[in-house]
Amino acid sequence: MQVVLPEQALPAKLILNPELRMSDDEYFDFCMANANVRFERTAQGEIIIVPPAGFESDNRNVEVSSQLTVWAKRDGRGKTSGPSAEFILPSGAAYSPDAAWTSNERLAKTTKEQRRKFPRLCPEFVVEVMSPSDRLKSAQEKMQDWMANGVQLAWLIDGDNQTVYISRTGQDVETQTGILKLAGEGPVAGFELDLTEIWAGL
């Protein structure tokens, strides 16, 4: 099945017949058949068409991913992924964080075949970078969903307002504004994100 929607209609949701809900493999095949469109899936089976990030937002994504990757290679306890990787969570939701870190321990519980598709696992650490099309309420709800499914630490970065929303297991969300460095903790203790370029924008 191929899907074409005008850009001004995005983000959009496709509500499918719940009796015909796609399996994980069928969902993966659906995404591959529409390779030029980025999809996510809610726990209720709704298919979300995610709009392109735009150059500035993608530049911020790359900045976060590159710093996390450099640290992860040096640290050696896990692997990083970017927005093309999608995780199928215990709730059935399928999300693609802008950056994520997954421990070797969790990855070892999946097969090579599963890792070549959308693995049914939850990373320990995720970062979402807001783009102009994102709404704060929806973005924060998604972060709550990440945490409810097993993420231990999550950062929601609003570059335009130089604000980071920090979610930790069992704690209220912390808001930090105007900081230049953000220290990792828990699963990514030792990682430090330099926010200078992210705040600078283009």
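Use the structure listed above.
Now for a look at the structure at hand. Quantities reported herein were computed from a predicted structural model and do not represent experimental measurements.

## Remarks on the overall build of the chain
Thinking step 1. A count of helices and strands for the chain gives six helices and 13 strands.
Thinking step 2. Put simply, the chain has 202 residues, and 46% of those count as buried.
Thinking step 3. Restricting the contact set of the chain to residue pairs at least 6 apart, pairs at least 24 apart contribute 56%.

## Notes on helix H1 (residues 24–33)
Thinking step 1. Along H1, the residues that are buried comprise Tyr27, Phe28, Phe30 and Cys31. Along the axis of H1, the buried residues cluster in a sector spanning 160°; they form a single face.

## Brief notes about unusual backbone geometry
Thinking step 1. If you check the backbone angles, glutamine 162 has positive phi at about 50° while not being a glycine.
Thinking step 2. One can find glutamine 162 in the loop between strand S9 (153–158) and strand S10 (163–168).

## A few points about the pattern of salt bridges
Thinking step 1. Enumeration according to the criterion identifies 13 salt bridges in this entry.
Thinking step 2. Between lysine 142 and glutamate 40 there is a salt bridge, with the nearest N and O atoms lying 2.9 Å from each other. Of this pair, lysine 142 sits in helix H5 (residues 136–148) while glutamate 40 sits in strand S2 (residues 38–41), and the two are 102 residues apart along the sequence.
Thinking step 3. Ionic pairing is found between lysine 137 and glutamate 141, a salt bridge with its closest N-O pair at 2.6 Å.

## Examining the pairing of S10
Regular strands place their side chains on alternate faces of the sheet.
Thinking step 1. Buried residues dominate S10, accounting for six of its six residues.
Thinking step 2. Neither face of S10 is left uncovered, since the one carrying Thr163, Tyr165 and Ser167 and the one carrying Val164, Ile166 and Arg168 both have all their residues buried.
Thinking step 3. In terms of strand pairing, S9 meets S10 through six bridges, oriented antiparallel. Along S10, the bridge assignment pairs aspartate 158 with threonine 163.
Thinking step 4. Sheet topology note: the S10/strand S11 (residues 174–177) ladder contains four bridges and is antiparallel. Paired with threonine 163 across the two strands is threonine 177, which belongs to S11.

## Re the packing of aromatic side chains
Thinking step 1. What the rule picks out here adds up to ten aromatic pairs.
Thinking step 2. Relative to phenylalanine 118, the ring of tyrosine 27 has its centre 5.8 Å away and its plane inclined at 55°; by these criteria the two rings are tilted. Taken together, the residues span a long stretch of sequence, with tyrosine 27 in helix H1 and phenylalanine 118 in the loop between helix H4 (112–115) and strand S8 (125–129) at a distance of 91 residues. The pair tyrosine 27 / phenylalanine 118 is uniform in exposure class, with both members buried.
Thinking step 3. Ring geometry for phenylalanine 28 and phenylalanine 118: centres 5.0 Å apart, planes at 75°, overall edge-to-face.

The rules behind each value
Counting of residues starts from 1 at the beginning of each chain's written sequence and follows it residue by residue. At least 70 in pLDDT is required for a residue's local features to be given in this predicted model, at least 80 for side-chain atom pairs to be given and counted, and no such filter applies to totals for whole chains, interfaces and linings, which use all residues. Values reported for side chains reflect all heavy atoms of the structure, with hydrogen atoms and water molecules removed beforehand. Strands here mean DSSP runs of E at least two residues long; helices mean DSSP runs of H or I at least four residues long; both are numbered from the N terminus. Think of it in three bands: residues with accessible area under 20% of the maximum for their type are buried, residues over 50% are exposed, and the middle band is partly exposed, with areas taken using a 1.4 Å probe on protein chains only. What makes two residues a contact is simply this: any of their non-hydrogen atoms within 4.5 Å. The arc refers to the directions leading from the helix axis to the C-beta atoms. Between Lys or Arg on one side and Asp or Glu on the other, a salt bridge is scored when a side-chain nitrogen of the former is within 4 Å of a carboxyl oxygen of the latter. Note on pairing: two strands pair once DSSP finds at least 2 bridges between them. Two aromatic rings from Phe, Tyr or Trp, using only the six-membered ring of Trp, form a pair when their centres are within 6.5 Å; if the ring planes differ by under 30 degrees the pair is stacked, by over 60 it is edge-to-face, and anything between is tilted.

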